[in-house]
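Coordinates in review
Each chain, letter by letter, is given below.
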Amino acid sequence: MRNWILPEHISDVLPREARQIETMRRGMLDLFGHYGYELVMPPLVEYVESLFLLDDPALNLKTFKLVDELTGRQMGLRADITPQVARIDAHILNRKGVTRLCYAGSVVNTRPDGIQSTREPRQIGAEIYGSTNVAADVEIIELLFACLGIAGLEDVRLDIGHIGLFHALADAASLHGERREQAFSALQQKDVPTLQTLTADLPKDLALGLCALPSLYGGAETLARARAALPPVAGIGEAIDALQALATALAARQIAVRFDLAEVKSSDYHTGLVFAAYTRGFANALARGGRYDRVGEKFGRARAATGFSLDVRALTRLPFPDAAPGILAPVGDDPRLIAAIRALRAQGETVVVDLGVVAGEVRVDRQLVEGKDGWQVVAFDGKA
């Protein structure tokens with residue numbers, strides 16, 4: 001009943017889980033730093049119009065709204081940090097050339113993504129602005145795998161898709177409005193019967209192309225099958241070429257991928273390449289990302305962009321080592337004792353002053369005792 005005073009899908013983060021989250025967060029941010037990413041910290045709340053990059057009904061539904069008592073304007077609790085980072089890149093930094101930014105912080109959702117999901121994910125991510133080069137996508141995917149490695153995951157598979165394939169076919173078929181949204185939703189669910197119904201009156205090659213997308217799944221041969229199955233309308237060849245270039249670059253780095261050309265689960269701001277990482281034991285994707293070119297257009301400066309994000313808290317189901325045992329020190333005001341405790345802590349040791357029986361995760365296997373040569377660390381005698 002520890003959650004009895006909290007809303008559904010909202011919970012406290014207790015010591016062991018908090019230590020695991022913070023250890024992973026620090027490791028991932030340090031990793032980003034080694035790649036040249038700069039850390040930004042957007043606010044938890046801001047005016048709703050800047051929390052959405054486009055008319056994004058899904059993100060709008062996930063966003064809590066409130067009224068700013070100072071201005072009377074509507075504000076929102078962020079449900080995704082990427083729009084905020086795009087605002088910072090386009091409107092505040094306003095740099096020329098390539099900018100690498102990273103972030104880590106809580107987001108709040110009005111509804112969970114799944115039965116076991118929290119409504120307060122701890123989102124962490126990295127984004128590259130100002131580059132259309134496939135090398136930027138490769139770097140982002142390398143970072144994704146490295147982050148999951150920090151969490152202790154090695155058996156990870158990456159599914160890659162391209163939203164541009166659907167949009168190219170839908171544009172050629174003049175699919176608009178609600179019908180287009182229904183077709184996109186059916187594609188996300190790989191609901192071929194519904195796709196067939198929605199495309200029954202379209203030109204045969206376009207209808208067959210849209211209905212073929214859910215079956216275009218597998219290894220490198222998938223792209224050859226896609227070239228044969230999809231009609232040569234504007235945008236199809238370019239999207240497949242982009243996927244091929246990415247696959248070649250990732251193969252050189254020994255990163256295996258699968259293609260899923262119906263893998264379009266994303267935010268509305270994604271425009272092309274999309275990818276998701278999966279592993280055994282997790283029903284949902286561990287991380288998602290992709291391209292969102294022209295992302296800063298709403299803020300007055302269109303920029304190519306690619307990035308990924310994940311929920312650090314979702315990874316706390318993985319095994320995690322116990323905290324290292326520390327040293328028990330007596331209570332006292334002896335300057336030599338105080339100096340000894342400070343020196344040990346400066347060396348990275350955990351020193352716990354004896355205020356009574358130590359409970360919880362904190363353990364001690366040594367103790368600080370006074371000897372002839374001053375304060376010394378010896379094996380714990382178990383008498384504390």
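Anyway, here's the lowdown on the structure attached to this text. (Residues numbered from 1 in each chain as written. Predicted model: local features only at pLDDT ≥ 70, side-chain atom pairs only at ≥ 80, totals over all residues. Heavy atoms only, no water.)

**Topic: the pairing of strand E9 (residues 257-260)**
Pairing analysis gives three bridges linking strand E7 (residues 157-162) to E9, with the strands arranged parallel. When the bridges of E9 are listed, Asp159 appears paired with Arg258. Here strand E8 (residues 217-218) pairs with E9 via two bridges, running antiparallel. By the bridge assignment, Gly218 is partnered in E9 with Phe259. (Pairing = 2+ DSSP bridges. Helix = DSSP H or I, 4+ residues; strand = E, 2+ residues; numbered from the N terminus.)

**Overview of the side chain of Thr118**
When you line up the elements, Thr118 lands in the loop between strand E5 (99-106) and strand E6 (122-129). Among the polar contacts listed, one links the side chain of Thr118 to the backbone nitrogen of Glu120, at a separation of 3.0 Å. The contacts of Thr118, once residues within four sequence positions are left out, are His9, Pro112, Asp311 and Arg313. (Polar contact = N/O pair within 3.5 Å; in protein donor to acceptor, adjacent residues only side chain to side chain. Contact = heavy atoms within 4.5 Å.)

**Some remarks on the packing of aromatic side chains**
A full pass over the atoms with the stated rule returns three aromatic pairs. Ring plane angle 50° and centroid distance 6.2 Å describe the contact between Phe32 and Tyr37, whose orientation is recorded as tilted. Tyr37 matches Phe32 in its accessibility class, with the two residues each being buried. Consider the rings of Phe32 and Phe308, whose centres lie 6.3 Å apart with planes at 75°: the pair is edge-to-face. Of this pair, Phe32 sits in helix H1 (residues 15-34) while Phe308 sits in strand E12 (residues 305-311), and the two are 276 residues apart along the sequence. Like Phe308, Phe32 is buried. Through successive ring pairs, a cluster of aromatic residues spans Phe32, Tyr37 and Phe308. Note that Arg100 overlies the ring of Tyr37, its terminal NZ or CZ placed 6.0 Å from the centroid. The ring of Phe282 carries Arg317 above its face, with NZ or CZ at 4.2 Å from the centroid. (Phe/Tyr/Trp six-rings, centres within 6.5 Å; stacked < 30°, edge-to-face > 60°. Buried < 20%, exposed > 50% of the residue type's maximum accessible area, 1.4 Å probe, protein only. Lys NZ or Arg CZ within 6 Å of the ring centre and 35° of its normal.)

Geometric values such as these leave the question of function open.
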